Each structure stands twice: as structure tokens, then as C-alpha cells.
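For reference, the chains in residue letters:
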Amino acid sequence: MGGFSAASAAERCAVGIHASPSSPASRPRSQLQEQPAPPVRRGSRRLAAPLAVSRRSILVPRAVAASTDRASPEVVGRFNLESNSELQVTLNPAPQGAIAEINLEATNTSGSLVLHWGALRPDRGEWLLLSRRPDGTTTFKNQALRTPFVKSGDNSTLIVEIDDPAVQAIEFLLFDEARNKWFKNNGQNFLIQLPTSHNQGQGASGATVVPEDLVQIQSYLRWERSGKQSYTPDQEKVEYEAARAELIEELNRGVPLGKLRARLTKTPESSERDAPASQTTTTKVPEELVQVQSYIRWEKAGKPNYSPEKQLVEFEEARKELQAELDKGTSIDQLRKKILKGNIEKKVSKQLENKKYFSVERIQRRNRDITQLLNKHKPGVTKEQVQAAPKQPTVLDLFTKSLQEGDDCDVLSRKLFKFGDKEILAIATKALGKTRVHLATNDLDPLILHWALAKKAGEWEAPPSSIAPSGSTLLEKACATSFVESELDGLQYQVVEIELDDDGYKGMPFVLRRGETWIKNSDSDFYLDFKTKVTKKANAIVRIFDTGDAGKGTAKAFLERIADLEEDAQRSFMHRFNIAADLVDQARDAGLLGIVGLFVWIRFMSTRQLIWNKNYNVKPREISKAQDRFTDDLENMYKSYPQYREILRMILSAVGRGGEGDVGQRIRDEILVIQRNNDCKGGMMEEWHQKLHNNTSPDDVVICQAIIDYIKSDFDISVYWDTLNKNGINKERLLSYDRAIHSEPKFRSDQKEGLLRDLGNYMRSLKAVHSGADLESAIATCMGYKSEGEGFMVGVQINPVKGLSSGFPELLQFVLDHVEDKSAEPLLEGLLEARVELRPLLIESSERLKDLIFLDIALDSTFRTAVERSYEELNDAAPEKIMYFIGLVLENLALSTDDNEDILYCLKGWNQAMEMVKRKDDQWALYAKACLDRTRLALASKGEQYYNMMQPSAEYLGSLLNVDEWAVDIFTEEIIRGGSAATLSALLNRFDPVLRNVAHLGSWQVISPVEVTGYVVVVDKLLSVQNKSYDKPTILVAKSVKGEEEIPDGVVGVITPDMPDVLSHVSVRARNCKVLFATCFDPNTLSELQGHEGKVFSFKTTSADVTYREITESELMQSSSANAQAGEAIPSLSLVKKKFLGKYAISAEDFTEEMVGAKSRNIAYLKGKVPSWVGIPTSVAIPFGTFEKVLSDDTNKEVAQNIQMLKGRLAQDDFSALGEMRKTVLDLTAPAQLVTELKEKMLSSGMPWPGDESDQRWEQAWMAIKKVWASKWNERAYFSTRKVKLDHDYLSMAVLVQEIVNADYAFVIHTTNPSSGDSSEIYAEVVKGLGETLVGAYPGRAMSFVCKKDDLDSPKVLGYPSKPIGLFIKRSIIFRSDSNGEDLEGYAGAGLYDSVPMDEEDQVVLDYTSDTLITDSGFRSSIFSSIARAGHAIEELYGSPQDVEGAVKDGKIYVVQTRPQM
């Protein structure tokens, strides 16, 4: 649409004058002192092209200064300038054809007053610059005249003569140069009409003069009445002149100009000729405008929370500001028009309605079931994906290898070119001091190489005849050489080899000729750069013949394909995005690791680790089109493969939106408009313009922001460099562009407003192409542009996305209105509500899905920024507010995660904790601490998943592409830090000490209280050093402890931030070995200890705290003997070798020491002796010696031989044999007698026989039995027995067979509190589901409680559960390990060997908010009391502290085993 577009026409009416938007006529008076750019008179088309007037020949009439002795003039106007100053204008008329004289006198002024003026003639749209001018007159930008007043006492005077009869008026403003201040006539230009004595009321063309601003308003009204139809430029011109004619007709009918202006502008009528003299009456500011102005001040301040006193101050400050405007001569209506813009009245009216001044409005979030946000897409990595078939070397690969195998051959450069379905390989090598060029191709047709040498880019220089290969033909600037046929390993190829005589050559350009056909590299010559050093990391042949672990855990072949294409991708973004689009299908076929590989490559690109452009000129619209093609392919994959959506979002965010056509091209076009409109065609702006024309990149977003920041700082150049440097751009990078930027920006003060406006709009175009996370452009793309948002984006055709809720635009507007608020909470709520509203469309693969994804990415990014901005606000916040923020961040994280079940249950937990606070539950902090611990586990799990998924690909592809090592090392870390998980982690770290303080938890949990001294050693994982022996007393600070590890020899203490269960294997082992074991919750304390690595420290403990100090080595030597013994290996123990006593299976009454271990004997002993309300499962056993008997069976002869061979390897300390041993045991065949006896014993005991269901069910049972036997050779057990010098061959494994109790809960009891040693107190831990999550290495803490033995009805909760996983199983059989190496005196062997259920357990993500054990205190107390009573009864039965395992089913207690407490 042309000049009558809704936006531009509305703009004309808004300014109320024909001046440009940057002129004083269109700006508030308060801004004029900073922005002295003048108004210019323009017609409708010239408004859109403000410099067009400068190209016209306009100096025709003349004006000169006149003497002051003319006849007495007529006063035609008095105008108030300031409180003590006015302007009087008199006119001395003249007969037709004579000179008219205009006298201007300003009272009480400085000596620097200037008349900024032009003449009006009906046949011209612009100001006419008369040639008859007073002395001292200058021309301003060929758009206006500037004439200085003559100082006379306190006044300033000026006389202007008009000798052109066609001139009907002059229009002007006054400018005080010394004060940099403009004067206007009530916001309008001054207008003095010449009387009819000068022109008889007519101009040269017989037309009455009409002010141009009124013509523009009238033309807008006509356009509105016609339905706002689109006009061509010619139609615009016709309409504009028709509007002028209508107004001239009214004036000719006698309508006063003042009345006409009042009607058109809807302002009170005033005389244009006889403006009132200075008035002294003070106009009172309307109260509703004070409300609006105070709201505007509050918005500018970031919407802070004001106290009532501060609110009153703000109201008065707003009143003063408006009164000052009125005192300067601004009318109430002008003031109203100035501040009542947009929807400001609506915002203020809401506050007035609610009587909540200076309060941020909030959206009303809909009540939803959180589980509606559930995603359970788990991307899996198949073995086939990881172990891709090795790439078969081609003949060109073999050719390269043959060169590398030469003596001292160094590959200088290597480039593989494609033409059609053929390839040509160009390699430059240096061997024995000579440089050679080798060109080999798999094209077997006769080919001629047309080549030259170059000492600089673009040069073709014929080679010396001495180096031309035999049979070559030298041409004027080139050489023609035929390829020679050759063969490698039976594969045919053609080759040309050239030995150079000069190291000064930079490269070799060439083309190929096949018959009469010339073959080029697309549209360019082929070119081999001799100076591109190829390292072995990047060499494709090294990759192909590599047999090591390089690329393990990646889509290796796909990454190598990317590496092969990288050099072509470096030509430009267009090439890179087109190549990426070509690779999308290959990435998808490679599975998750292929998608990850594609992301790693794009991420390296977006973080500037790869070359963006290499001597290639490409248009922005071509880049935009290539981006669009790539992102369209990603969108299609997003629709079809929901398990990859999380990674695909990351790729899309790194790439940007793209968009074929207008948006991309405007980057190139609009920079020219900015330069032209703002008179900044040279210097840095021209250099940037050249860079943009050559190849725009995401750097341009940063450069644009740096220029804006520089201008806003009143041209402080350090601000410009600060913005660049913070975003990774330094001077060297600016100089590295193909079109380098050498200069710094340098602008004039009068350019400030126009540049800020235009560059702000330009930033939208840049971000629309380069930033997938730009909120404003993302919203505009999905919702369409509103009229006031057009400006730069006029002509970009964007329609709203269909299917969004009716309230969604209002919700997005709320977000935009509050995006910079200091108080982030309402904004966060709005952002989340918008994301939740979007979610169904993202799942349903709706129309224009890509635009919706980019909108969601932008909302997510804005959310993270807002949370980070609110950290200071949370410093002194109440716990409820911090928990609320944590909940918001968790919800945001859940919306960006493919598998978010655990995150959602964490969120439900936090919501429940807030409810506990509201009802004043004294357990809220303890429960919230469990929520915090679980949330941390979820984040750690997410980080580990990302690391395992991404880091191998980053390392392998980084090595292939020579990416900086530091960038590879921190690749995954930076991904995590840039996401919501890092934001959430920061909040948790802030809240943890608050919770620990409220819950009286302290900074430590002491699991094994021992006083120790030793050397501090820091390790990442206890698991990684569990088999190590330390030769001096060592205190490990281990970042990770899972619970199943062994304590290494020589270790006297373990400090960790991890939270293994108090009854986990490593906890029991620590107490048994008298090793200090404690969890440190305070990250500062932990960091301090890590900083003392290598120093000697002493640690002392209580049941709830740890103190430590540095000591000398001499003090270490003098430490107590008890401490010296801590951590030392347990004295050697002996085992009695067990024999097979003739039975493959026995029932409980036959459980004797010769047949089974303590586990089986104890469960048999309990039967009938414990209270009747305690259930004991029915049991049978496969006795000692059965494994050896089965192994000796003839059917297992080969297995026996393999096991004997593997034992030999173990004897030689080849520990890799352990895994092979376990696999070999699984090959055993069951003797028929074993099957018969086991079936008979199980059925007679009332247990089901698996084989009755099917043969497959028996095979499942048999496999479980073999896995129990095989666990004799698991690493943890093997090294544990070695440590105490147990003879591993003497270790016998019985198998206890029990029917599984399908438990609601499982528990472990220690009848003496293990942390404090208090024998009067029972300690127990409880988990939901099967007990394997408690005794195995499952993350998180169990629920724990203590109970005094003399008050078993009053259990006390110590901690709520944080384990995210529960194990559940249908009715089944479990086969438990029961070795003769468990429960030996002085050695805790329990838990070393495996118990295996016949059926696989179901892993369930736990929702504790629906668990009655958590929510019902009465039920909890009843269950815990029953557990404590069962433990106490068993302790009474044995007469010693017991370690009891059991389960709860439908409220009934079952005990499945007991052993002496270690």
C-alpha cells in the first residue's frame, strides 16, 4: 500500500503537522533541547522519502532585507514564547507586484535567536526557499532557511521582504541556539498569511493557500471515508490534491482558517492571525492525567513495589512534570494527546477500578491437572546406531593412504570435489623438501586438466615449462595436462602429479575438460589452497583406517560425512544450511545419535567455532531461503518423531527462523534506507553495509545492539565496545570479515532520534532471520503485525496462525507489556500460561508448526532471563515465595522436556509443600527438603543424560573439524548452563540452607561417626577408586557416591555431597570398617575442603555435625591408635569349602549350616516364633555345591573348560575375565534331576512351579538361578573378598527361593540406631515398592524414622523420601543369593551378591503426593509403629541387634530376612 497506508496516515494525524517524525513539530517539547533537527515541508509522497526535496531546483523568488522607515505596519499576530517573552509580528502590505514587508520582534530574548523558515505557495508542497533573503541567511539541508535576529537592547528584531506575488504565507519556528531550544505556536508551526493587498487573496495560480498539515488530515479523512482502500502513487497524488481543493473551497466561502483547523484537529478554535498575548492564568492539571503520568513514570522505573509514602511522592512528581508542560504553553488537549497513547488509559483505569495504584496486573491462570503436561517420549540408542558399519575405503581413500605411507610425507592440504556422481581429490604434500600436487579422480573417461598456479587469490599464472608433466601443452595463462590411468588394490582411477619448483605459490586453480565439455566446481573454478594445513585429526584416511575407540558412542559414519562436507559449508551460510538440509534424512536414519550429531555441528557453527563465510558473496534472501529449507525439514521430523523434539528444538534455536523472501532481503535493503534517512553514508555504517550486503550473520544482531547502546549512552564509544566484547566480538573479529569493519561509529546529536528509531526496527528484521528466540518477532510472526508495529515490516506478508484460543493475543500482549518489569512474577505466570496454551498445537502438529515452535522457544528464553533477573528480589523473600518460583521454573522445564514425568512429580511435591506451609504443618520444611533433593537428582540425571548423549559426538566431531579444545571440553556444560535446568539449580542452591535451617538439619548428615585424621584427596566418583589402595591414611572428598561401592584400602574417611541411604551397602561397609562417612549439604564447606587437597586434616563428629581442622604431619603421626586402625583392611578370614550333599533342592526344615547360608537359616528360624501378625514367606533352597555339581555334568563340559581358563586369567590379575565369567555361567544347562527335585520341593511347600505355566517360564526361572550363581564374580564382591583375603574358590553359593511379596512398601530395620549407636532406639528406612531400590544403588533417599523401644507407638520422621523410582512386580518368584561368605563375624558381606526375580520389575516414577504414607499422618504412624514392633520382636528373639528386611502389603508386615546388625 502506498502513502495512505493505515500506519503512515495515522502517523500524519498524530503529529498534526507536516513535519517528519524526527522534527520538533512531532516531538514533546522536553525533547527539543536534545534534538534540534528542524521540520521540513513535504507533500504526501515526500513524507516517505524525506531527502527527495534536495534534488529539486527551488530557488526562484527573491527576498532581501529592507530599511526600517516604512509606513506604520499592521500587527498580525502576538505569540507567547515564555513567561516573560513574546513574539510580535507586523505586516506592511504593498500594492500588487510590490514588496511586502514582515517585521518580527521578540521581547526579552538572548542574542542567539534564529528564524527557521520557508514560504508557502499553492503550487508547491514543500517550503519554498526564497532567493530574496535577509543578511546572514543560510540554507539548512536544502529544506529550510535560517536567518539570525538582530539584537536591539532586550529585544531581537528581523525584517523579511517578499517580492513573489505567488507567495501567500510564510511558515516558521524560532530557535535559540545558545540554549538549544525551539519555540512553537502551541505545538504547531507559526503561520503568517500575506493580505489580499499583496495577492488579492490568490496565488499565482489563483488558489488560496492552505497549511499542508490540514491538507494531510483532510486527505486521511477522505481515505477513511472511502474504506481505506489501497492507492497507487498516482491515485495518492490525485487524492491529496482533491483534499486541498475541498479546503480551499471552504476558505473561499469565508470559513476562518482557525475554525477550519479546530474542526479538523478537534482542538478549541483560535485565530491564526491574532494569537492571544501572553496570559498569566495558571491552568490546573486534570487529575486523571496525573494518574496517567504517574503510571508512565512507574512503568519506566520497571514497575517497582512502592510504599504508600512513595506512591504519594510519585503522584506529586507526575503533577509537577505536567504543570511544567502547561506553563510552557502546551494546552490541556495537546498534553492529553501526548500522554494518552496506546492502551495506557485502559491500564490506568484498571488500577483505578481496583484502587491498586502502582501494582502489577496479573493474569488469571487456569486450574489444570499438572499431569496433562505429561510427556513420556524416551529417545533410545540402539546398538546398531552406536556400532555403525565401518565405511569402506574408496579408491581415492586408498590413494591418500598410499601418499601418507611415504617417507616423511606431510599433507599440506587436501580437498575433495564432486562433479556429478564423480569425485576428484586434490592433495598438496611435502616430502624430502619438495612440494607436490596430486590430483586423482574416479572418473575413468578421458580427462584433461586445465590448470595454473597462483601467488594471490583469483590469479591464473601459467607454470614454468620445467614443471609441466610430460605431454602437457603450455597456454598463455594455463597448462593442459592429460590424466593418466592407474590402479590400487584392483580399483581403477586416473591421476596427474606435479612437482613444484617454488614455495611462493599460494594455490592452484583448475578446471576439467571431457571432450568438448568443461567441468567446473558449480559456477567457480576448482581451487586447491596450498596453505591449508591438514592435521591427522582432520584427515579422513586416518579416520577410515582407525581401529581404536575414536567415535565410540556416536553416529560415527554420519559425523565423518559432516566433516567431509565442512569445507563446502564454509563458503557461506547458504551453503551450510543447504548441506544441513541434505543431511537431515541421514541424521534421522542414524537415530538419536544422528540427530545429536547434527545438533553438535550446528551448535559449533552458531558459537563461531566454524568459519561462516569464505570469499563468497551471497544475498540475504538466499541465506534466508536456505534456512527456511533446513528448518522446514526439521519441522517435518518434529511432527513425525516426538522422541527427538527436545534436540530438534535446540537445533532450531541455534539456526534461527529463516523465511524465504521479504524478511531476509530487507536486511540488505533497509540498511540503505537507514543510511539515507539519517545522513550516515560513510565510515563504520558504510563498512557494515558492505558486510551486510556480502554476507549477513548472527554477528550483525550484536553489532546493531552495540550501535544502539552507543547512541543511547550519548555516544560513549566504550559502551559500543563493551556490548561487542560481552557477546564475543572483538576488533580482530570485525577485521576478519570478508568486508572488514575498520571504523568505529560516529554520529551527530541531531541523528540520535532517527537512528534509534530506525535501528530499533532494523533489529527486528535481523532477529527475525538470525534469532529463533526473539520474542517480539516470534509473536509478530504467529499473530500478524498490528498497525503500530508495521514500520520496517511493511510488505512482509504474515497472517495469524489458526487454532489459537481467542484470549491468546491478549495473553501475548500482557507478556510484551511486562517483559521488562523488575518484579518478574506476573511475567513468569504469563509466559507459562502462554506456553501451556501453545502446547496442544505443538503436540498435534498443527499448521505453521515451525512458527509456533519458534514462539515457544522465545517464550522459554524470555522466561529464563526473567527468572535470572529476579534473583535479587528473592534474596529476602519468604520461603513460600521461593517455593512458588521453584514451581514456576519446574513447570517451564517440564514444557521443554521430552520425558518430563519425574519433573512433573517434583512440581506436585513443591505444590504440596506450599499447601503444608499454608496449613502450618510443622513438617513442611522436612518435606520440602526431600522435594529439593529429588529435584536436584532430576537435574543431575538430566545433565548426565545430556553428557552421555552429546559429549562423545562433540569430542569426535570437534577433533575432525579442529574445533578449539576448550570449546569441545565445555560443550555439554554450556548446553546445560543455557537451559532452565541451570536456572532451577541456582534457585535450589539458594533455598537449601533456608530449608536446612528451618528443619534443624544442619550442614551435615553423619552416617558413620568416626574421629579420623588423614590426607585430603578429591575424586569425582568413589566407584572409580574403590579398587585402589592408598599407602597413607586418606580422607576422600568424593563428588559422587551411589551406595553400592566398596571403601578403598587406606581410606579412613569419605565426605560427599551425595545422599546414599544410611542403610546402603557403602554406609554399612563404612561403619563396619570404622571409616568416617558423612554427607555435606553446604556447597561452600565442600568447596573449602576440596581446596585443601593434599593437606592433612583432623575430623571429629557428633551424631549430627562434623568439625575439622588442618594439622601437621607430626600430629598425624601422633594420632590415636583407634584412628590409626580406621580404614585398615580387615584381618584375613577363612572359609570352609562346601560340598554337594546329594540334594539339588531342599525345604525349610532341611536348612542347616552345611546346606545353606545364614540368610536361609534365619528365615526358617523365624517361622512360628515371631508374632502372628508378622508374615514369613514360604521358602525352599538350592543348597551349597549345586553350582559345582551342575558344572561337572557332561552337558556342561565346554562351559567348565571355559570357566577354568578364565580362572587362570583371574589368577594373573586379568580382571576383564570377571565379565566373561558371568556370561559363561549363563550358558549352563540344567540337569533333569535338578528340575525334578526343585519342582517337587516348591509344589510341596505350596509355591507355584514356573514350568506349569510354560517351558519359557521355567527357562526364565533357570536364567535367574544362573544369574545368582554368576554374581559370585561381580567386581564389587570379588575385590571385597580379595581385600579380606577370603579364598574365592571356597566361596559357595546357595540360592534361597521365595515367592515375592508384591509389596506396597519395603523396609530395612536396624534395631540399634547406626548413626548414633543408641541401642534404645530403632532406626528404619522405608521405600515405595520392592526393597531393591533401598538395598541397591538407586538414587535418592528413603523415608526414615526412629522409634524408642519403650514407646513404640510414637515413631518420629527423620526424613521424607526423594527416590524418584519405585519397583513393582506381579506375583513371581525371587531367587536370593545365600553364600557362605556373608555375615561373617567382622565382615559385612551382605548385599555383595545378587538376588534376581524371575520376572523383570516395572520401574515406576513415583508420585508421593498421592501416597497415603506421606499424606495421612495416622496411617503413617500405624505402619511405622508396626515396623518398629516387628524389629523389636526379632531383636528380642535373637538377643542381639538385628538388620531386618521386610515388606508391607495391604497394611500387613512381612519379614523376608534378618541378620546380625554390623
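A quick note: this is a predicted structure, and the numbers were derived from the prediction, not measured.

1. Regarding the pattern of salt bridges
Phase 1 of the analysis: Following the criterion strictly, the structure yields 70 salt bridges and no others.
Phase 2 of the analysis: Put simply, Lys415 and Glu567 hold a salt bridge, and the shortest N to O gap is 3.7 Å. Taken together, the positions of Lys415 in strand S12 (residues 410–419) and Glu567 in helix H15 (residues 556–569) put the pair 152 residues apart, joining distant regions of the chain.
Phase 3 of the analysis: Residue classification places Glu567 among the partly exposed positions, given a relative accessible area of 30%.
Phase 4 of the analysis: The shortest N-O distance in the salt bridge between Asp1020 and Lys1039 comes to 3.3 Å. Remark: Lys1039 occurs in strand S25 (residues 1029–1040) and Asp1020 occurs in strand S24 (residues 1012–1021); sequence separation between them is 19 residues.
Phase 5 of the analysis: Counted as one network, the salt bridges with shared partners bring together Arg365, Arg366, Arg368, Glu833, Glu837 and Glu891.

2. Some words on the state of the cysteines
Phase 1 of the analysis: Tallied over the full model, the rule gives 0 disulfides.
Phase 2 of the analysis: Looking at the unpaired Cys906, the closest cysteine sulfur is the one in Cys931, lying at 7.6 Å.

3. Looking at the sheet that holds strand S30 (residues 1146–1147)
Phase 1 of the analysis: Ordered in space as S30-S32-S33-S39-S40, the 5 strands form an open sheet in which the pairing is antiparallel. The two strands at the open ends of the sheet, each matched to only one other strand, are S30 and strand S40 (1396–1397).
Phase 2 of the analysis: Inspection of the sheet shows strand S33 (residues 1293–1299) paired to strand S39 (residues 1373–1379) by 7 bridges, in the antiparallel sense. By the bridge assignment for S39, Val1295 is matched with Ser1377.
Phase 3 of the analysis: Each of strand S32 (1179–1182), S33 and S39 touches helix H41 (residues 1158–1166); the most contacted strand, S39, lies at about 115° to it.
Phase 4 of the analysis: The strands that helix H45 (residues 1232–1244) touches are S30, S32, S33 and S39; relative to S32, the one it contacts most, it runs at about 165°.

4. Brief notes about the side chain of Asn521
Phase 1 of the analysis: You can see Asn521 is positioned in the loop between strand S21 (517–519) and strand S22 (526–529).
Phase 2 of the analysis: Excluding anything up to four places from it in sequence, Asn521 contacts Phe417 and Phe526.

5. Topic: the packing of helix H18 (residues 620–640) against helix H19 (residues 645–655)
Phase 1 of the analysis: Relative to each other, H18 and H19 sit at 165°, their axes nearing to 10 Å. As far as their axial angle goes, H19 and H18 are roughly antiparallel. Once H18 is placed against H19, the crossing between them reads as left-handed. On H19, the residues touching Gln627, Phe630, Thr631, Leu634, Met637, Tyr638 and Lys639 of H18 are Arg645, Leu648, Arg649, Ile651, Leu652 and Val655.
Phase 2 of the analysis: Tallied by class, the residues present in the contact of H18 with H19 amount to 8 nonpolar, 2 polar and 3 charged.

6. Quick look at the packing of H18 against helix H29 (residues 849–869)
If you want to describe how two helices pack, look at the angle between their axes and the distance between the axes.
Phase 1 of the analysis: At a minimum axis separation of 9 Å, H18 and H29 run at an interaxial angle of 90°. Classified by the angle their axes make, H18 and H29 are roughly perpendicular. Here Asp628, Thr631, Asp632, Glu635, Tyr638 and Lys639 of H18 come into contact with H29, specifically with Leu849, Lys850, Ile853 and Phe854.
Phase 2 of the analysis: Looking at the contact of H18 with H29 residue by residue, the class counts come to 4 nonpolar, 1 polar and 5 charged.

7. Things to note about empty space enclosed by the protein
Phase 1 of the analysis: Counted according to the given criterion, the structure contains 12 cavities of 30 Å³ or more.
Phase 2 of the analysis: One number sums up the size of the second largest cavity: a volume of about 90 Å³.
Phase 3 of the analysis: What lines the second largest cavity is Tyr905, Cys906, Gly909, Tyr927, Ala930, Cys931, Arg934, Pro1361, Tyr1408 and Thr1409.
Phase 4 of the analysis: At the level of secondary structure, the elements contributing two or more residues to the lining of the second largest cavity comprise helix H32 (901–918) and helix H33 (924–960).
Phase 5 of the analysis: Considering each element in turn, the lining of the second largest cavity owes the most residues, 4 residues, to H33.
Phase 6 of the analysis: Grouping the constituent residues of the lining of the second largest cavity by class yields 7 nonpolar, 2 polar and 1 charged.

8. Comments concerning the confidence of the model for the protein
Phase 1 of the analysis: For the protein, per-residue confidence averages 82 on the pLDDT scale, and residues scoring 70 or more make up 84% of the total.
Phase 2 of the analysis: Taken as a whole, residues 197–207 scores under 50 in pLDDT and shows 32 contacts with residues more than four places along the chain or in a different chain.
Phase 3 of the analysis: Contacts for the low-pLDDT stretch residues 786–797, under 50 throughout, to residues beyond four places or in other chains number 23 contacts.

9. Focus: the sheet that holds strand S35 (residues 1321–1328)
Phase 1 of the analysis: Read from one edge of the open sheet, 7 strands run S31-S43-S42-S34-S35-S36-S37, paired in mixed fashion. Edge positions in the sheet fall to strand S31 (1174–1175) and strand S37 (1356–1359), since each of these pairs with one other strand and no more.
Phase 2 of the analysis: Bridge analysis of S35 against strand S36 (residues 1343–1348) gives 6 bridges, and the strand direction is antiparallel. Paired with Ala1324 across the strands is Phe1345, a residue of S36.

Calculation rules
- Residues numbered from 1 in each chain as written.
- Predicted model: local features only at pLDDT ≥ 70, side-chain atom pairs only at ≥ 80, totals over all residues.
- Heavy atoms only, no water.
- Salt bridge = Lys/Arg side-chain N within 4 Å of Asp/Glu carboxyl O.
- Helix = DSSP H or I, 4+ residues; strand = E, 2+ residues; numbered from the N terminus.
- Buried < 20%, exposed > 50% of the residue type's maximum accessible area, 1.4 Å probe, protein only.
- Disulfide = S-S within 2.5 Å.
- Pairing = 2+ DSSP bridges.
- Contact = heavy atoms within 4.5 Å.
- Axes fitted to C-alpha atoms, helices over the stretch in contact; angles between N-to-C directions.
- Parallel < 35°, antiparallel > 145°, perpendicular 65-115°, else oblique.
- Left-handed = near helix turned anticlockwise from the far one by under 90°.
- Nonpolar A, V, L, I, M, F, W, Y, C, P; charged D, E, K, R; others polar.
- 1 Å grid on protein atoms, 1.4 Å probe; cavity = no way out; pocket = protein on both sides within 12 Å on 5 of 7 lines; lining within 4 Å.
- Points joined across faces, edges and corners; volume = space filled by probe spheres on them.
- pLDDT = per-residue confidence, 0-100.

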